[in-house]
Amino acid sequence: MSTTRLMILGLVRWTQPVHGYDVRRELLSWSADRWANVQPGSIYHALRKLTEDGLLREVATEQVGARPARTTYEITPKGEDEFQNLLRGAWWNVEGSVDPFFAAFSFLPALPREEASAALRNRARMLRANNESLQAAMDSGWMSGASGKPPHVTWMWQLQMARAEGEIAWCERVAGLVESGESYLPANAVWQEGWARFGEQIE
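For clarity, every value in this text was computed on a predicted model and none was experimentally measured. Along each chain, the written sequence defines residue order, and numbers are assigned to residues from 1. Whole-chain, interface and lining totals are the exception, using all residues; otherwise, since this is a predicted model, local features are given only for residues with pLDDT of at least 70 and side-chain atom pairs are given and counted only at 80 or more. Hydrogens and water are ignored here; the side-chain numbers use all heavy atoms of the structure.

## Brief notes about the overall build of the protein chain
Now for step 1: Looking only at helices and strands, the protein chain features nine helices and three strands.
Now for step 2: Runs of H or I in DSSP of at least four residues are treated as helices and runs of E of at least two as strands, each being numbered from the N terminus. Seen in sequence order, the protein chain has helices and strands lined up from the N terminus as α-β-α-α-α-β-β-α-α-α-α-α.
Now for step 3: The buried share among the 203 residues of the protein chain stands at 31%.
Now for step 4: Put simply, 61% of the contacts in the protein chain that link residues at least 6 apart link residues at least 24 apart.
Now for step 5: For the protein chain, the accessible area works out to roughly 13300 Å², and carbon and sulfur atoms hold 55% of it. With a 1.4 Å probe rolled over the protein chains alone, any residue whose accessible area is under 20% of its type maximum counts as buried; one over 50% counts as exposed, and the rest are partly exposed. We call two residues in contact when some of their heavy atoms are within 4.5 Å. Here the accessible surface of atoms and residues is derived via Shrake-Rupley with a 1.4 Å probe, and residues count as covered only by protein chains that are part of the display.

This is the structure we're talking about:
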């Protein structure tokens, strides 16, 4: 939730006064649902909650024809303080992201080796395809200054790609270890009774 608050407060601060519709559209254009976990369906709810908390204020509500009413928002002094705290907290601290893959990988012995290695290599392929897509977007000029995208957005994409390259190399290396028959257990380790059926997969 803190990331969503940071993104919405920052965007309102940057473009105010701004309609909630434009906040949602801009965040989707940034693909914030992919790298910041800002879910499209949560944006309007977050705007209302930030307003209830006194971090945003409603400037006006307009309705054109049969369209749904659109509310315009601005950031409040309290919201400015919250934005600055969240911003600097994110800049100066290192926090691990929650990735369901870590939970799944902790049960590696529950999968047959063939399936585990195939899944790892497939993960590497998907990450590589995403990197190729990002690189194609940058090569096409879509991220250039002429498109209105600031240069630091390109740098952010490059960071995402660099992280993915590290994971691609890790997936392929571990897939090789799995395929080679490398033991999943340290020497002299003893399975607890409840893990017996998992142990069958590794011997």
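## Some points on the packing of helix α1 (residues 2-15) against helix α2 (residues 20-29)
Now for step 1: Two numbers describe how α1 lies on α2: the axes approach to 10 Å, and their chain directions differ by 115°. The pairing of α1 with α2 is recorded here as roughly perpendicular in orientation. Every pair of crossing elements has a handedness; the one defined by α1 and α2 is right-handed. Packed against α1, whose contacting residues are M7, I8, L11 and V12, the element α2 presents V23, E26 and L27 at the interface.
Now for step 2: Any residue outside Ala, Val, Leu, Ile, Met, Phe, Trp, Tyr, Cys, Pro, Asp, Glu, Lys and Arg is labelled polar, Gly included; the first ten of those are nonpolar and the last four are charged. Here the residues of the contact of α1 with α2 sort into six nonpolar, no polar and one charged. To get an axis, a line is fitted to the C-alpha atoms, and for a helix only the part in contact is used. The angle between two axes follows their N-to-C directions and goes from 0 to 180 degrees. Working definition: roughly parallel below 35 degrees, roughly antiparallel above 145 degrees, roughly perpendicular at 65 to 115 degrees, and oblique for all remaining angles. If you view the pair so one helix is near and one far, a crossing is left-handed when the near helix is turned anticlockwise from the far one by less than a right angle, and right-handed when it is turned clockwise.

## A few points about the sheet that holds strand β2 (residues 56-62)
Now for step 1: In this analysis, strands are considered paired if DSSP registers two or more bridges between them. The sheet built from three strands is open, its strands ordered β1-β3-β2 with antiparallel pairing. Edge positions in the open sheet fall to β1 (18-19) and β2, since each of these has one partner strand only.
Now for step 2: As judged from the two bridges shared by β1 and strand β3 (residues 70-75), these two strands associate in the antiparallel manner. Across the sheet, the residue bridging to H19 is T72, located in β3.
Now for step 3: Of the strands in this sheet, β1, β2 and β3 are in contact with α1, which crosses β3 at around 90°.

## Some points on the pattern of salt bridges
Now for step 1: For this analysis, a salt bridge means a side-chain nitrogen from Lys or Arg found within 4 Å of a carboxyl oxygen belonging to Asp or Glu. If you walk through the whole model with that rule in mind, you get 10 salt bridges.
Now for step 2: The salt bridge partner of D53 is R5, with a shortest N-O separation of 3.6 Å. Of the two residues, D53 sits in the loop between α4 (43-52) and β2 while R5 sits in helix α1, which places them 48 residues apart along the sequence.
Now for step 3: With a relative accessible area of 16%, R5 lands in the buried category.
Now for step 4: As a salt-bridge pair, D99 and R123 come within 3.1 Å of each other at their nearest N and O atoms. Separated by 24 residues along the polypeptide, D99 in the loop between α5 (77-92) and α6 (100-105) and R123 in helix α7 (residues 113-139) bring together distant segments of the chain.
Now for step 5: For R123, a relative accessible area of 19% corresponds to the buried category.

## A closer look at the packing of α7 against helix α8 (residues 151-180)
Now for step 1: The geometry of α7 relative to α8 is characterised by a closest axis approach of 9 Å and an angle of 160° between their N-to-C directions. The angle between α7 and α8 falls in the class roughly antiparallel. Our pair here, α7 against α8, has a crossing hand that is left-handed.
Now for step 2: Split by residue class, the contact of α7 with α8 holds 17 nonpolar, eight polar and eight charged.

## Notes on the packing of aromatic side chains
Now for step 1: Only centres within 6.5 Å qualify two rings of Phe, Tyr or Trp (six-membered ring in Trp) as a pair; their planes then separate them into stacked at under 30 degrees, edge-to-face at over 60, and tilted for everything else. Across all of its chains, the model carries three aromatic pairs by this definition.
Now for step 2: An angle of 90° between the planes, with centres 6.0 Å apart, marks the rings of F101 and W170 as edge-to-face. Residue F101 is located in helix α6, and its partner W170 is located in helix α8; the two are separated by 69 residues in the primary sequence.
Now for step 3: Seen from their ring centres, F105 and W170 are 5.2 Å apart, and the 65° between their planes marks the pair as edge-to-face. With a gap of 65 residues between them, F105 in helix α6 and W170 in helix α8 connect regions that are remote in the sequence.
Now for step 4: Pairwise contacts between aromatic rings join F101, F105 and W170 into one cluster.
Now for step 5: For the cation-ring pair, R70 lies above Y21, with the distance from its terminal atom to the ring centre recorded as 4.2 Å.
Now for step 6: Here, a charge over a ring is recorded when the distance from Lys NZ or Arg CZ to the ring centre is within 6 Å and its angle to the ring normal is within 35 degrees. Looking at R123, its charged tip hangs above the ring of F101, at a distance of 3.9 Å from the centre.

## Let's talk about unusual backbone geometry
Now for step 1: Between Q16 and P17 the backbone carries a cis peptide bond, its omega angle lying at -10°.
Now for step 2: Here P17 shows up in the loop between α1 and β1.

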